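Chain by chain, the residues run as shown.
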Amino acid sequence: SLIVNGTMPNAAPTLAAGATLGGSGTITASTTVPAGATLSPGDVGAGTLNFIGNLTLDAGSNYAVDITAAATNDRIATTAGTLSANGNIVVTLAGYTPVANDSFDLANAAAISGTPTFDFSAATLSPGLQWDTSQFATTGVIMVKSAGGFDSFVSVIPNPDDRDPLDDPDGDFI
């Protein structure tokens, strides 16, 4: 593991499969996180790891994000460069249960490209809620939304016999 809590000037870290790059400092060179390596901002608790150059998350790499409170989460910032996100974004809820309309800024970048895969297996939401990653490619933000629709509505009804969609033919939930 390499934890950067100060400034790492003029050189990018060299990462290999199995390595972890973390901390809340600044890396002043373009950086690539290769397949099998993990980017984990923060050291103890949520933190922001800053990159002056471009940041590339190769396919098969992991960006580990801890969400610890409302609007408090790990973040990467490449405000002077671009983020190419083609790896896995692994989200973990660390002692916090999100509610509808919570948003989490995972990445600040001049531009974001790529097609990351989101892993929410350690970030299970309450019934009737779902993760929305649709804004990540433009803003770096993920949100919690109401799942909506009849299936979501009836999923919280305790008696399965009361969940028949024919009981609500007009779909107004009344």
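See the structure above.
Here's what I pulled together on the structure shown here.

About the criteria used
- Residues numbered from 1 in each chain as written.
- Predicted model: local features only at pLDDT ≥ 70, side-chain atom pairs only at ≥ 80, totals over all residues.
- Heavy atoms only, no water.
- Helix = DSSP H or I, 4+ residues; strand = E, 2+ residues; numbered from the N terminus.
- Buried < 20%, exposed > 50% of the residue type's maximum accessible area, 1.4 Å probe, protein only.
- Core = buried A, V, L, I, M, F, W, Y, C linked by side-chain atoms within 4.5 Å.
- Contact = heavy atoms within 4.5 Å.
- Pairing = 2+ DSSP bridges.
- Axes fitted to C-alpha atoms, helices over the stretch in contact; angles between N-to-C directions.
- Phe/Tyr/Trp six-rings, centres within 6.5 Å; stacked < 30°, edge-to-face > 60°.

## Let's talk about unusual backbone geometry
Line of reasoning, step 1. For N10, which is not a glycine, the phi torsion comes out positive at approximately 60°.
Line of reasoning, step 2. Considering the arrangement of structural elements, one finds N10 in the loop between strand 2 (7–8) and strand 3 (20–23).
Line of reasoning, step 3. Using a relative accessible area of 73% as the deciding quantity, one classes N10 as exposed.
Line of reasoning, step 4. The phi torsion at A71 lies on the positive side, around 60°, for a residue other than glycine.

## Digging into the nonpolar core
Line of reasoning, step 1. Residues L39, L83, W131 and F136 are the most contacted members of the largest nonpolar core, which totals 32 residues.
Line of reasoning, step 2. For this core, the secondary-structure elements that each account for two or more residues are strand 7 (48–51), strand 8 (55–57), strand 9 (62–69), strand 11 (75–85), strand 12 (88–93), strand 14 (107–113) and strand 17 (141–146).
Line of reasoning, step 3. Setting aside residues up to four positions removed in sequence, L39 forms contacts with L21, V33, L49, F51, L55, L57, N62, Y63, A64 and I76.

## A look at the sheet that holds strand 16 (residues 129–132)
Line of reasoning, step 1. Spatially, the three strands line up as an open sheet ordered 13-17-16, and their pairing is antiparallel. In the strand order of this sheet, the two ends are held by strand 13 (103–105) and strand 16, each with one partner. Recorded for the sheet is a direction-independent mean angle of 15° between the axes of neighbouring strands.
Line of reasoning, step 2. Bridge count for strand 16 against strand 17 is four bridges, and the pairing is antiparallel. Among the inter-strand pairings, Q130 is bridged to a residue of strand 17, identified as K145.

## Let's talk about the packing of aromatic side chains
Line of reasoning, step 1. Enumeration over the complete set of coordinates arrives at four aromatic pairs.
Line of reasoning, step 2. Note on F104 and W131: the rings are 6.1 Å apart at their centroids and 55° apart in plane angle, and the pair reads as tilted. Taken together, the residues F104 in strand 13 and W131 in strand 16 connect sequence positions 27 residues apart. In this pair, the class of F104 matches that of W131, namely buried.
Line of reasoning, step 3. Ring centres of F120 and W131 lie 4.7 Å apart, and the angle between their planes is 5°; on these two criteria the pair is classed as stacked. Linking F120 in strand 15 (residues 117–122) with W131 in strand 16, this pair joins segments that are 11 residues apart in sequence. Comparing F120 with W131, the two get one shared label, buried.
Line of reasoning, step 4. Members of the aromatic cluster, each reached through a chain of ring pairs, are F104, F118, F120, W131 and F136.

## So, the side chain of T78
Line of reasoning, step 1. Position of T78 among the secondary structure elements: in strand 11.
Line of reasoning, step 2. T78 sits in the buried class, given a relative accessible area of 1%.
Line of reasoning, step 3. Leaving out residues up to four positions away in the same chain, T78 has contacts with F51, G53, L55, L83, N108, A109 and A110.

## What to know about the environment of V91
Line of reasoning, step 1. Looking at where V91 falls in the secondary structure, it is placed in strand 12.
Line of reasoning, step 2. Note on V91: relative accessible area 0%, which makes it buried.
Line of reasoning, step 3. It is 9.6 Å that separates the C-alpha atoms of V91 and T124, two residues lying 33 residues apart in sequence.
Line of reasoning, step 4. Residues within four places of V91 in sequence aside, it is in contact with V65, I67, D119, F120, A122, A123 and I142.

Keep in mind these numbers describe shape, not what the thing actually does.
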